[in-house]
Amino acid sequence: MSQRIDHHPILGSLGDRKQLPFYYNGSVYTAYEGETIAGALLAAGVRTLRVHEEKGTPRGIYCNIGHCYECRVHVDGVPTVRACMTLVQEGMQVNAGSILPTPLKKGGHGA
Amino acid sequence: MIDLLIIGAGPAGLSAAIASARQGLAVRVVDEFYRPGGRLLGQLHEEPDGVWWNGLDEAARLTEEAKHLGVELCCGVSVFHLTQSQNGWVVSTTQGEMIVPLLLIATGASEAAVPVPGWTLPGVMSIGAAQVMTNVQRVRVGQRGVVIGINILSVAISRELQLAGIAVDRMILPSSTTVSGTAGQPQAVMQSLLRVAHLAPSLMIRMGSKVMGSSWMQKLAVSLYPSNGFSMWDIPIQLRTAALEIVGTSQVEGVRIARVATDGSPIAGTEQVIPADFVCIAGGLSPLAELAAIAGCPFAYVPSLGGHVPLHNESMRTPVPGLYVAGNITGIESAKVAMAQGTVAGLSIAKARGKLKNEQPLSDAIQQVKFIRQNATIQFHPDIVAGRALVGQMTAEWIAN
Amino acid sequence: MESHPLIICRCEEVTLAELVETAQTYPCTARELKLRTRAGMGCCGGRTCRTLIDQVIQQVTGQAPSHTVSLGYQPPIRPVSFQTIGGQRA
């Protein structure tokens, strides 16, 4: 079920908006024009946007205005893109990123 | 060639752009969000006269006016460094370097965090995040959630969530820890709510007549924390309940809560887990002054203004040549004050560029800031005026030395 | 359901317990606490937790906040690529 607020008692109704298919971790999702990556994925029920690079713990939006960088994703191969600040473009490839190796921990020789 | 670069297209930045462009300055505004408006975007509340304050409309109005005056608006641009040069500023942005004689930093505020165990789980977000998702992105943050942190801002936004059909199960305190400050202390939180009691008549209208008739403040003061709290728009506000932990494995599933004593310590045997699919954390706001620090501006630590603020005088000029500030970076107040400060900054900068033929509008604008502050429906802090005076005095001393 | 520790720095997953223990072991400044624990040194540049680090220092060591910002700001204040720092448009 979509979580979009199509009708609002004060802000009114959203009119017809262009649909923009895009990809998140290889699966196709649909955004509406004017939606951020974070907004479009949340509307589809996706809350985990990435995992912590070292601990692997799941993360989603926190501040939603670009301050905390918790929602950072890879967009068309570019890392550290804020899902909360970036409007979906048609065909965009969004990826969560993954746990990164930490060879320098525990003494710096791969322990 | 531009005369003025403004960083931040919020109420202060846009108002400054309008005021300075009217005096004939060539102005560019950059903002890292994808659309102009700053924290105006998402604001939605009923004024004492029953008219809705819709920040989206205000942002659109200011944006139109700025564009009409020839202001160049660049959204989606982040500033990551500033250096002073002989003739002004070199501003490093994700769209390349910008070289300008005069700079206005109007970057607003960031939300203060009140950490709760489990707050990194997806589905936990700041209260401002929920506001933007709901009113700007028009996407529900969940079906039923809990708001941790009770203050004027979180009460207002909880009402906005409810308007959009999102249920707020209850508003509770964070558990009292080393880093929760007074946010976890029932009496301190109650006092901060009672501080606005002198504004009760207008506040009551603002908060919705249904629950009012002066009863809620009275209930709050007299029956001191009823166990289910009191309700506003049917949202229970529980000053004697705290969040011990946000529970869930891959995302929010609920909140483990307990009743707390008047000092905020949990009462044994009262723990329970309440289900929730989202949690909002509300710790208030603090000035976002990182660029002013990079620019070498001296600071004042003023709790009533939200923390560290760049020194500036009432013309919004900092002690650093060619550097101005306006809006919440100078202290946490309403968008209306930010707009009035922006107008002052814009005129003040026009004066510095030799484009202000008559100084009367500048002194009028300075008076207007004070007038709006005095007549604010809600003061974010009771000591704002004293805090502003301290900053003014420190700035004067700094410049004198 | 496992219990979550109280994380202060979300970027580097530094807990309150680690910060308090470090501040007790090495009565130090906010800056030293940051360098010892990496709290505030992650992707967000400490925007989310810097005031919390200050509060830990105030509570544990009794240092009062001053007009000077305790944790300095270093450019770049946004995580940007070397190409962007070099002037290439993002």
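Throughout this document, residue positions are counted from 1 along each chain, in the order its sequence is written. For this description, chains carry letters from A and ligands carry numbers from 1, given in the order in which they are written. This being a predicted model, a pLDDT of at least 70 is required before a residue's local features are given, and a value of 80 or more before pairs of side-chain atoms are given or counted; all residues contribute to the totals for chains, interfaces and linings. No hydrogens and no water enter the side-chain calculation; it runs on all heavy atoms of the structure.

A. Structural view of the overall build of chain A. Runs of E in the DSSP output that reach at least two residues are strands. Runs of H or I that reach at least four are helices, and both are numbered from the N terminus. Within chain A, the secondary structure is distributed over 1 helix and 9 strands. Taken from the N to the C terminus, the helices and strands of chain A come in the order β-β-β-β-α-β-β-β-β-β. Principal-axis analysis of the C-alpha atoms gives chain A an extent of 60 × 30 × 25 Å. Put simply, 42% of the contacts in chain A that link residues at least 6 apart link residues at least 24 apart. Accessible surface area values rest on a Shrake-Rupley calculation with a 1.4 Å probe, where residue burial reflects the displayed protein chains alone. Of the roughly 5400 Å² that chain A leaves accessible, carbon and sulfur atoms contribute 53%. Note on contacts: a residue pair qualifies if any of its non-hydrogen atoms lie within 4.5 Å across the two residues.

B. Structural view of the pairing of strand E3 (residues 19-24) of chain A. Residues and elements named next belong to chain A. Relative accessible area decides the class of each residue, using a 1.4 Å probe on protein chains only: under 20% of the type maximum gives buried, over 50% gives exposed, and in between gives partly exposed. Side-chain alternation along E3 places Leu20, Phe22 and Tyr24 on a buried face and Gln19, Pro21 and Tyr23 on a face that remains uncovered. Where E3 and strand E4 (residues 27-32) come together, 6 bridges link them in antiparallel fashion. Residue tyrosine 24 lies in a different strand from E4, and its bridge partner there is serine 27. Counting the residues that bridge the hairpin from E3 to E4 gives 2 residues, and of these asparagine 25 lies at a positive phi of roughly 50°. The pairing of E3 with strand E9 (residues 93-95) spans 2 bridges and is classified as parallel. Bridge assignment links tyrosine 24 to a residue of E9, and that residue is valine 94. One requirement defines pairing of two strands: DSSP has to find at least two bridges between them.

C. Region of interest: helix H2 (residues 55-68) of chain B. Residue and element names in this part refer to chain B. Expected helix span is given by 1.5 Å per residue-to-residue step, counting one fewer step than there are residues. Taking 1.5 Å of rise per residue, 14 residues should cover 20 Å, and H2 covers 20 Å from first to last C-alpha, within 8% of that figure. Every buried residue belonging to H2 is among Gly55, Leu56, Glu58, Ala59, Leu62, Thr63 and Ala66, and all of these are buried. The buried residues of H2 occupy an angular sector of 160° when projected down its axis, which confines them to one face. Counted as exposed and oriented over 90 degrees from the buried face of H2: Glu64 and His68. Looking at the buried side of H2, the elements it contacts are helix H1 (11-22), strand E4 (52-54), strand E5 (72-75), helix H3 (127-135) and helix H9 (335-352). Here a polar contact means two N or O atoms within 3.5 Å. Within protein one must be a hydrogen donor candidate and the other an acceptor candidate, and residues neighboring in sequence count only if both atoms are side-chain atoms. Two or three places before leucine 56, at the start of H2, stands the capping residue asparagine 54, its side-chain oxygen 3.0 Å from that residue's backbone nitrogen. Throughout, the arc means the angular range of directions from the helix axis out to the C-beta atoms.

D. Structural detail: the environment of valine 255 of chain B. All names here are of chain B. Tracing the chain through its elements places valine 255 in strand E16 (residues 254-259). Judged by its relative accessible area of 0%, valine 255 is buried. When near neighbours in sequence (up to four residues on either side) are disregarded, valine 255 contacts Val146, Ile172, Ala243, Glu245, Ile246, Val247, Gln272, Val273, Ile274 and Val279.

E. Focus on the interface of chain B and chain A. Listed by partner, the interface residues are 41 residues for chain B and 36 residues for chain A. What counts as buried area is the accessible surface, traced by a 1.4 Å probe, that two parts surrender upon association, with contributions from both included. For the pair chain B and chain A, the summed buried area comes to about 3200 Å², and 58% of that belongs to carbon and sulfur atoms. Per-residue buried area on chain B facing chain A is highest for Gln137, Arg138 and Arg140 of chain B; these three make up 22% of the total on that side. The salt bridge criterion pairs a side-chain nitrogen of Lys or Arg with a carboxyl oxygen of Asp or Glu, the two atoms within 4 Å. Taken together, the links from chain B to chain A amount to 1 salt bridge. Where glutamate 32 of chain B meets arginine 82 of chain A, a salt bridge forms, and the shortest distance between an N and an O atom there is 3.0 Å. Counting every contact that joins chain B to chain A gives 14 residue pairs in polar contact (both at pLDDT 80 or more). Examining the composition of the side of chain B that touches chain A, we find that 6 residues originate from one element, H3 of chain B, more than from any other. Think of it as three bins: nonpolar holds Ala, Val, Leu, Ile, Met, Phe, Trp, Tyr, Cys and Pro, charged holds Asp, Glu, Lys and Arg, and polar takes everything else, Gly as well. Residue composition of the side of chain B that touches chain A, by class: 21 nonpolar, 15 polar and 5 charged.

F. Quick peek at the UniProt feature "domain: BFD-like [2Fe-2S]-binding" (unreviewed entry) in chain C. UniProt positions are given in the numbering used here, feature names are shortened, and annotations may be inferred rather than shown by experiment. In this structure's numbering, the residues bearing the UniProt feature "domain: BFD-like [2Fe-2S]-binding" (unreviewed entry) are residues 7-58 of chain C. Along residues 7-58 of chain C the backbone is 52% helical and 10% strand, and the end-to-end C-alpha distance reaches 18 Å.

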